[in-house]
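Single-letter residue listing:
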Amino acid sequence: MSAHFSSDAPVVRHDWQRDELLALFDLPFPELLHRASAVHRVHFDPAEVQVSTLLSVKTGGCPEDCAYCPQAQRYDTGVSAQKLMDADEVLAKAAQAKAAGASRFCMGAAWRSPKDRDIPKVAEMIRGVKAMGLETCATLGMLSGEQAHALKDAGLDYYNHNLDTAPDFYGDIIHTRQYQDRLDTLEHVRDAGMKTCCGGIVGMGESRDQRAGLLQALANLPSQPDSVPINRLVQVAGTPLHGTTELDPFEFVRTIAVARLVMPASMVRLSAGREAMSDELQALCFLAGANSIFYGEKLLTTGNPDTGRDQALFARLGLRPMAVQVENVHDHHRTDAPGSGTVHADITRSEPSCGRAA
Ligand code: SF4
């Protein structure tokens, strides 16, 4: 986390009530953004944005039924199941990413949870990435306590595991696991001494009350997530949520602002869905307190036009990539950023809207 820019640091609370969050959502838009922006600069330099990307080390074929996800094998989305990449292949990607300026490499796998036999393979990747001097992060699904410790021992800095949505909407989206399962994995990650990346997805047909409920659940975790990815649903044909009414863009900005207010010291990340946002909407999100972006695996693609778009947007807004931090980060999927050597990079794989996408 960045330096504090004021001594008036807001208290990090873990007792938020839903009506308090709804009262924030209900503020006049300029007032809400003003408050969020003021809190943002207490903890962060408002001109800095962390940039992250991800590499999928195992894509598709997931047995879960997340209604938003094209990687679920039960939905006909055209995503084919691939096996776990070889460590050598992953390390080659990590080396590419590092050469392009990445500092963080996040490995994502479309699993319900890793099998114990998968852990040594992932651990080999983690050790190799760590040996390159990169930060390590992963998003692999649910973890047991033993698995979390094994990954930590291999050098894993961050783990991404999203709550996805409010507890009272979760059953509308996912039936193959329970909310408590998510909380249990997060506890295992914390107990193992890793940092958490945890957020959710909006625009899935939830109410404002339920959006507030997601942020309430995140803020009231025993330790607020170091990073909070806020994904805007990417509607993929073949998934049950294809055709859902689009979320009002201003409501998305309000969600970012309330996230900033209730989790003042966390990185709030624009994740899946950002590519479809206008430059103006992204600028509003930065004003509302977003200070991290999710970039998919574009870093690995030379001359990628999206990279150019982000660089141009940063230049137009006077923003700069956050300087490399020597500790860590996380996510279920993601990597990193615009071609500056001071970019923060998380490499994990970025399927459009997998809840693991940071
Ligand atoms: S979001 Fe993750 S757990 Fe859910 S179907 Fe997709 S890959 Fe599987």
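Definitions and cut-offs
The residue numbers shown here count from 1 along each chain, following its written sequence. Two thresholds apply to this predicted model, a pLDDT of at least 70 for residue-level local features and 80 or more for giving and counting side-chain atom pairs, whereas whole-chain, interface and lining totals are computed over all residues. Only runs of H or I of at least four residues qualify as helices and only runs of E of at least two qualify as strands under DSSP, and these elements are numbered from the N terminus. Three classes are used. A residue is buried when 20 or more other C-beta atoms lie within 10 Å of its own, exposed when 12 or fewer do, and partly exposed in between, with C-beta atoms placed from the backbone. We call two residues in contact whenever the C-beta atoms placed from their backbones are within 7 Å. Axis definition: a line fitted to C-alpha atoms, limited for helices to the stretch in contact. Angles are taken between N-to-C directions and run from 0 to 180 degrees. Each crossing gets its hand from how the near helix is turned against the far one by less than a right angle, where anticlockwise is left-handed and clockwise is right-handed. Classification used: nonpolar for Ala, Val, Leu, Ile, Met, Phe, Trp, Tyr, Cys and Pro, charged for Asp, Glu, Lys and Arg, polar for all others including Gly. For our purposes the nonpolar core covers buried Ala, Val, Leu, Ile, Met, Phe, Trp, Tyr and Cys residues that link as a set through C-beta atoms within 7 Å. Helix span, as expected, comes to 1.5 Å for every residue beyond the first. UniProt positions are given in the numbering used here, feature names are shortened, and annotations may be inferred rather than shown by experiment. Our arc is simply the arc of the directions from the helix axis toward the C-beta atoms. Each residue carries a pLDDT score, the predictor's confidence in it, ranging from 0 to 100. A pair of strands is considered paired only if DSSP assigns at least 2 bridges between the two.

1. Points about the overall build of the protein chain
- Helix and strand counts for the protein chain come out as 11 helices and 11 strands.
- Within the span of the protein chain, comprising 358 residues, buried residues form 54% of the whole.
- Contacts in the protein chain between residues far apart in sequence, at least 24 positions, make up 80% of those at least 6 positions apart.

2. Some words on the packing of helix α2 (residues 29–43) against helix α9 (residues 249–262)
- Look at α2 against α9: their axes get within 9 Å of each other, and the N-to-C directions meet at 35°. Where α2 crosses over α9, the handedness of that crossing is left-handed. Facing α2, whose interface residues are F29, L32, L33, R35, A36, V39 and H40, α9 presents F250, R254, A257, R260 and L261.
- A per-class count over the contact of α2 with α9 returns eight nonpolar, one polar and three charged.

3. Points about the nonpolar core
- Counting residues in each nonpolar core, the largest one holds 93 residues, and the members touching the most others are A138 and I256.
- At eight residues, the largest contribution of residues to this core is made by α9.

4. With respect to helix α3 (residues 87–99)
- Compared with an ideal rise of 1.5 Å per residue, which puts 13 residues at 18 Å, α3 spans 18 Å between its outermost C-alpha atoms and is within 8% of the ideal.
- Buried positions along α3 lie against β2 (55–58), β3 (104–109) and α4 (119–131).

5. Points about the UniProt feature "binding site: [4Fe-4S] cluster" (unreviewed entry) in the protein chain
- Following the UniProt record, the feature "binding site: [4Fe-4S] cluster" (unreviewed entry) maps to C62, C66 and C69 here.
- Locating C66 in the fold gives a position in the loop between β2 and α3.
- Checked against the element boundaries, C69 lands in the loop between β2 and α3.

6. Thoughts on the environment of F29
- By secondary structure assignment, the location of F29 is in helix α2.
- Residue F29 is classed as partly exposed on the basis of its C-beta count, with 13 C-beta atoms lying within 10 Å.
- Sequence spacing of F29 and R254 is 225 residues, and the spatial spacing of their C-alpha atoms is 7.5 Å.

7. Here's the deal with α4
- Between its first and last C-alpha atoms α4 spans 18 Å; for 13 residues at 1.5 Å apiece the expected length is 18 Å, and the two agree.
- All buried positions along α4 are accounted for by V122, M125, I126, G128 and V129. Buried positions in α4, seen along its axis, are confined to an arc of 165° and lie on one side of it. For α4, exposure combined with an orientation more than 90 degrees from the buried face picks out P120 and A131.
- Of the surrounding secondary structure, the elements contacted by the buried residues of α4 are β2, α3, β3, β4 (135–139) and α5 (145–154).
- Positive phi appears at G133, one or two residues downstream of α4, with a value of about 90°.

8. Observations regarding unusual backbone geometry
- Not every positive phi belongs to a glycine, and D164 is a case in point at roughly 75°.
- If you trace the backbone, D164 turns up in the loop between β5 (158–160) and α6 (167–173).

9. Things to note about the confidence of the model for the protein chain
- Counting all residues, the mean pLDDT for the protein chain is 85, and 83% of those residues have values of 70 or more.
- Contacts for the low-pLDDT stretch residues 298–304, under 50 throughout, to residues beyond four places or in other chains number 15 contacts.
- Taken as a whole, residues 326–355 scores under 50 in pLDDT and shows 216 contacts with residues more than four places along the chain or in a different chain.

10. Observations regarding the pairing of strand β1 (residues 48–52)
- Burial within β1 is extensive, with four of its five residues counted as buried.
- As paired elements, β1 and strand β11 (residues 320–321) share two bridges and run parallel to each other. Bridging across to β11, V49 finds its partner in P321.
- With three bridges joining them, β1 and strand β10 (residues 292–294) adopt parallel strand pairing. Bridged to Q50 within β10 is S292.

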